[in-house]
Each structure stands twice: as structure tokens, then as C-alpha cells.
Amino acid sequence: MGVNKVILVGYVGKDPDVRHLDSGVSVANFSLATSETYRNKENQKVTNTEWHNIVVWRRLAEIVEKYVKKGDPLYIEGKIRTRSYDDKDGNKKYITEIFADNMQMLGSKQSNTNDSSSDEKQPETDIETPPQEEDDLPF
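Small disclaimer: the values here were computed from a predicted structure and weren't measured.

### Some words on the nonpolar core
Point 1. Phe30, Ile54, Val56, Leu74, Ile76 and Met103 are the most contacted members of the largest nonpolar core, which totals 21 residues.
Point 2. Only strand S1 (6-12), strand S3 (26-39), strand S4 (45-57), helix H1 (58-67), strand S5 (73-86) and strand S6 (92-105) provide two or more residues apiece to this core.
Point 3. Looking at this core, the element that brings in the most residues is H1, giving five residues.
Point 4. If we skip the residues at most four places from it in the chain, Leu74 touches Leu8, Val9, Gly10, Val12, Phe30, Leu32, Val68, Met103, Gln104, Met105 and Leu106.
Point 5. Leu21, Val25, Val27 and Trp57 belong to the second-largest nonpolar core, a separate cluster that totals six residues.

### Here's the deal with the pattern of salt bridges
Point 1. For the structure shown, the criterion picks out three salt bridges.
Point 2. A salt bridge links Glu77 to Lys5, with the nearest nitrogen and oxygen atoms 2.9 Å apart. Of the two residues, Glu77 sits in strand S5 while Lys5 sits in the segment before S1, which places them 72 residues apart along the sequence.
Point 3. Notably, a salt bridge pairs Glu62 with Arg59, separated by 3.6 Å at the nearest N-O pair. Taken together, the positions of Glu62 and Arg59, both in helix H1 and three residues apart, correspond to about one turn of that helix.

### Considering the packing of aromatic side chains
Point 1. Counted according to the given criterion, the structure contains zero aromatic pairs.
Point 2. The ring of Phe99 carries the charged tip of Arg81 above its face, separated from the ring centre by 4.8 Å.

### Observations concerning the pairing of S3
Point 1. Where S1 meets S3, two bridges bridge the pair, whose relative direction is antiparallel. By the bridge assignment, Val12 is partnered in S3 with Leu32.
Point 2. Where strand S2 (residues 17-20) and S3 come together, four bridges link them in antiparallel fashion. Following the sheet pairing, Arg19 is matched in S3 by Val27.
Point 3. Connecting S2 to the antiparallel partner S3 that follows it, the hairpin turn spans five residues, and Gly24 within it adopts a positive phi of roughly 95°.
Point 4. Pairing of S3 with S4, which is carried by 13 bridges, proceeds in the antiparallel orientation. Within S4, the residue paired with Leu32 across the bridge is His52.
Point 5. The hairpin turn running from S3 into S4, its antiparallel successor, is five residues long, and Asn43 in that turn takes a positive phi close to 65°.

Rules and cut-offs
Residues numbered from 1 in each chain as written. Predicted model: local features only at pLDDT ≥ 70, side-chain atom pairs only at ≥ 80, totals over all residues. Heavy atoms only, no water. Core = buried A, V, L, I, M, F, W, Y, C linked by side-chain atoms within 4.5 Å. Buried < 20%, exposed > 50% of the residue type's maximum accessible area, 1.4 Å probe, protein only. Helix = DSSP H or I, 4+ residues; strand = E, 2+ residues; numbered from the N terminus. Contact = heavy atoms within 4.5 Å. Salt bridge = Lys/Arg side-chain N within 4 Å of Asp/Glu carboxyl O. Phe/Tyr/Trp six-rings, centres within 6.5 Å; stacked < 30°, edge-to-face > 60°. Lys NZ or Arg CZ within 6 Å of the ring centre and 35° of its normal. Pairing = 2+ DSSP bridges.

So far we have only geometry, and geometry alone does not tell us how the molecule works.
Here it is in C-alpha cells:
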């Protein structure tokens, strides 16, 4: 028995890459940066940033496509998955991804102007997608 659970709060590193598969299923990939800051022995402020590869499926991917942009703060829950592939030179490469099953947008999307026509209402994004087994992957 084991637990594979990840909780991240960070900032989107690039606009999501969203694909729509032939089966009609949507999948989105984007990076998320998390940082921690501390003081070293010399009392200097040190910040370490970790980059995470995020993958979201189905309805969550559709929400990401419509509302998530580079720089947005997000709360992500999911599972760590590592996969391997062969690069163009035949070398085996590994990539670790977070398969998100819950996401919440943080912060406000409202502009500082009073132009209500430009204010786009955010959806409720505290959505959980059903667990997905590797055998269910549509590719």
C-alpha cells in the first residue's frame, strides 16, 4: 500500500499547451514554479525555485485552456508520474509529471477599471476529475 499525493501552490511558467485528441478528450500541459526562500549562514536571502510539469485532462483541461495564462497563481493537487522515452539520438530520457486531479485558481482576474464589459467571470475550478489509470490513456 502507498500514497502518491502532491500539493503545489505556484505560478504558471508558460501559457498552457492544449491538445484535443481524436476521441474528443482534451489534455493540457504547462509548467508551474514553486519557490522557497530562506537565509543562509551569512544571513543572505536565498530563493530556490523548482519547476513542475503539470498535466490535466478532460474538463479540467478545458478550464485551463480558457482561463489559465502564464503568471497565474494556482493550487494543484495530483499524483507524480515518471515516464521514459527515447530521444532522436536513441538515448533514454525520463520526465516527471504531476497529473493534476484538482485545481484552484488563486488571486483575482478582475481588472482595476470599472469597465464591467471587460470583466470575465471565472468558473468554479475546485473540480476533481476521476482517477485515471494508465490503461485508460487515450494514446
